Amino acid sequence: MSFEQTRIETAASPGQADLPYAMLRSALELFERAPAELSDEERTQAERQAARVLELESRILSAREAIGVVAGEDEVTRAIQEVRARYEDDDRFLAALAENGLTEETLRLALARQCRVNTVLDKVVAGDDEISEVDIGLFYHEHKTRFVQPEKREVLHILITVNEQFPENSREQALVRIKQIAQRLAQKPRMFEELATRHSECPTAMDGGKIGAVVRGQLYPELDKALFEMKPDQISGIVESEMGFHLLWCKSITTAKTVSLKKATPQIRLILQDRTRESRRRNWIRSLQKPTQPGARS
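The notes below deal with the structure included here. (Residues numbered from 1 in each chain as written. Predicted model: local features only at pLDDT ≥ 70, side-chain atom pairs only at ≥ 80, totals over all residues. Heavy atoms only, no water.)

What follows covers the overall build of the protein chain. Each helix and strand in the protein chain was counted, giving 11 helices and seven strands. In terms of overall size, the protein chain is more extended than a compact globule, its C-alpha atoms giving a radius of gyration of 29 Å where 298 residues would be expected to give roughly 19 Å. Counting only C-alpha atoms, the protein chain reaches 90 × 55 × 40 Å along its principal axes. Taken across its 298 residues, the protein chain has 38% of its residues classed as buried. Counted over contacts in the protein chain with a minimum sequence separation of 6, partners at least 24 positions apart contribute 68%. Seen as two clouds, the 44 positive and the 48 negative side-chain charges of the protein chain have centres 7 Å apart. (Helix = DSSP H or I, 4+ residues; strand = E, 2+ residues; numbered from the N terminus. Rg over C-alpha atoms; globule rule 2.2 N^0.38 Å. Buried < 20%, exposed > 50% of the residue type's maximum accessible area, 1.4 Å probe, protein only. Contact = heavy atoms within 4.5 Å. Lys, Arg positive; Asp, Glu negative; His and termini not counted. Charge placed at Lys NZ, Arg CZ, Asp CG, Glu CD.)

Here's what the structure looks like:
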C-alpha cells in the first residue's frame, strides 16, 4: 500500500484538497453557482457551511465506527467519473477544476474522503430494519392521499401559432389554417397524427402531436378545461391559448383510483425503512456532537 493510499484511508482531519471541494459543494447546494460567481455575503455563507461540513466529517472519521473503513479505488473512480460526466470534454473539466482551486489529484483525494464518510454512515445505519404490518397499515391510512392516482388523459394536439410578425401566422391567417385542418379531421379523424406531423408548429409534431398522459393542471388553462370536458376518442373544437390555436384529441382516459394497501405495502416498507435509517443516522451524528463531560471516562 502506497503512502498516498494510506493517507486516503486513515486521515480524519481535512487536508489541502478538502476545503476547495467542500466550498464548491456548499456553493452549489446553497446557491447553485460556483464560488467565483458568489457575492461577498453569499461566499461568507458558503464558507461557513463548508467549515461545518468539514468539522462534522472529521468527527465522523474520528469515530470508532470509522476504524478499518477504507475508500475503495473503484468507488473513488466512479465518483470521479460522475463529476467528469457533467462536462462536455476533458478541457472544460480541467478548466472547471482549476477555477475552483482543484486538480485531478486533489479532487480524487477529496472524493476519497467523502466516500469514506458515506461508508461510515452506511455502516452506522445498517441493522434490523424490519417494519411491522401494523406500522405499514397506520402509514397507509394516515397518508391515504399519497396513494390516490389522479385521472389521466392521453392527449395529442395540433398547434398553429400566432405571430403577427409573419403574415402566414397573423391571427386571421392562423385561424384560417386551423379551420382547414379541423374540416379535414371532421371527414377523416384518423388522420390526426398525420396532419399533426405535417402542419403542427409544436415540437410534438415530430411524434404525431403526442403530448402524452396528463393530469389536471399540466396544460394551459384553456387546453386543460377543454381536455377534461371531452370523452374518450373525441377531437375538440378549436381552442385558443396564448400560444395560438389548438386542436386536441383525447385518445383515452384513465380514471382516478386509490392504490390498495396490499399494492402499496412494498413502497410503504421502503419509506419506513428509509425513515428508520435516517433517524438512526441523525441520532448517531448528534451523539458525536455532544461535548465530553468533565471527568467522564472514554
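That shown, we press on.
Take the pairing of strand β6 (residues 244-254) next. Judged from the 10 bridges that link them, strand β2 (residues 152-161) and β6 form a sheet pairing that is antiparallel. Pairing of T161 across the sheet is with G244, part of β6. As judged from the two bridges shared by strand β4 (residues 234-235) and β6, these two strands associate in the antiparallel manner. Across the sheet, I235 pairs through a bridge with W249, a residue of β6. (Pairing = 2+ DSSP bridges.)

Moving on to the packing of helix α3 (residues 40-62) against helix α6 (residues 104-125). Between two packed helices, the angle of one axis relative to the other and the distance separating the axes together describe the packing. Contact pair α3 / α6: the axes reach a minimum separation of 10 Å and the direction vectors enclose 60°. In terms of orientation, α3 and α6 fall into the oblique class. Seen along the crossing, α3 lies across α6 with a hand that is left-handed. Here α3 contributes L54, E57, S58, I60 and L61 to the contact with α6, which in turn contributes R113, R116, V117, V120 and L121. In the contact of α3 with α6, the residues fall into six nonpolar, one polar and three charged. (Axes fitted to C-alpha atoms, helices over the stretch in contact; angles between N-to-C directions. Parallel < 35°, antiparallel > 145°, perpendicular 65-115°, else oblique. Left-handed = near helix turned anticlockwise from the far one by under 90°. Nonpolar A, V, L, I, M, F, W, Y, C, P; charged D, E, K, R; others polar.)

On to the environment of A34. Among the secondary structure elements, A34 is positioned in the loop between α2 (18-31) and α3. The exposure class of A34 is partly exposed, given its relative accessible area of 22%. Among all residues touching A34, those that are not within four sequence positions of it are A27, L28 and N100.

Taken as a whole and assessed by the stated rule, the structure comprises four aromatic pairs. One aromatic cluster is present, formed by F139, Y140 and F147 through successive ring pairs. (Phe/Tyr/Trp six-rings, centres within 6.5 Å; stacked < 30°, edge-to-face > 60°.)

Inspection of every chain in the model, using the stated rule, returns 22 salt bridges. In this structure, the salt-bridge partner of E151 is R153, at a minimum N-O distance of 2.6 Å. Exposure remark for R153: the relative accessible area of 7% places this residue in the buried category. (Salt bridge = Lys/Arg side-chain N within 4 Å of Asp/Glu carboxyl O.)

Here I131 shows up in the loop between α6 and α7 (133-142). The exposure class of I131 is buried, given its relative accessible area of 7%. Taking C-alpha positions, I131 is 7.0 Å from Q273, a pair spaced 142 residues apart along the chain. Setting aside residues up to four positions removed in sequence, I131 forms contacts with I136, R269, L272, Q273 and T276.

Moving on to the nonpolar core. One finds Y21, V76, L107 and L111 to be the most contacted residues of the largest nonpolar core, which totals 15 residues. Secondary structure elements with two or more residues in this core: α2, α4 (73-84), α5 (90-99) and α6. Once residues within four sequence positions are removed from consideration, V76 is found in contact with A71, R108, A112 and C115. The next biggest cluster of nonpolar side chains, apart from the first, holds 14 residues, and it includes I158, L185, L247 and W249. (Core = buried A, V, L, I, M, F, W, Y, C linked by side-chain atoms within 4.5 Å.)

On to the pairing of β2. Along β2, nine of the 10 residues are buried, which leaves the element largely enclosed by surrounding structure. Taken together, the four bridges between β2 and strand β3 (residues 210-214) define a ladder with antiparallel strand orientation. Across the sheet, R153 pairs through a bridge with V214, a residue of β3.

A few words now on unusual backbone geometry. We note that E32 has phi near 55°; this positive angle belongs to a residue other than glycine. Looking at the element boundaries, E32 is found in the loop between α2 and α3. Judged by relative accessible area, E32 falls into the exposed class, the value being 70%. Not every positive phi belongs to a glycine, and D233 is a case in point at roughly 65°. Relative to the helices and strands, D233 resides in the loop between α10 (221-227) and β4.

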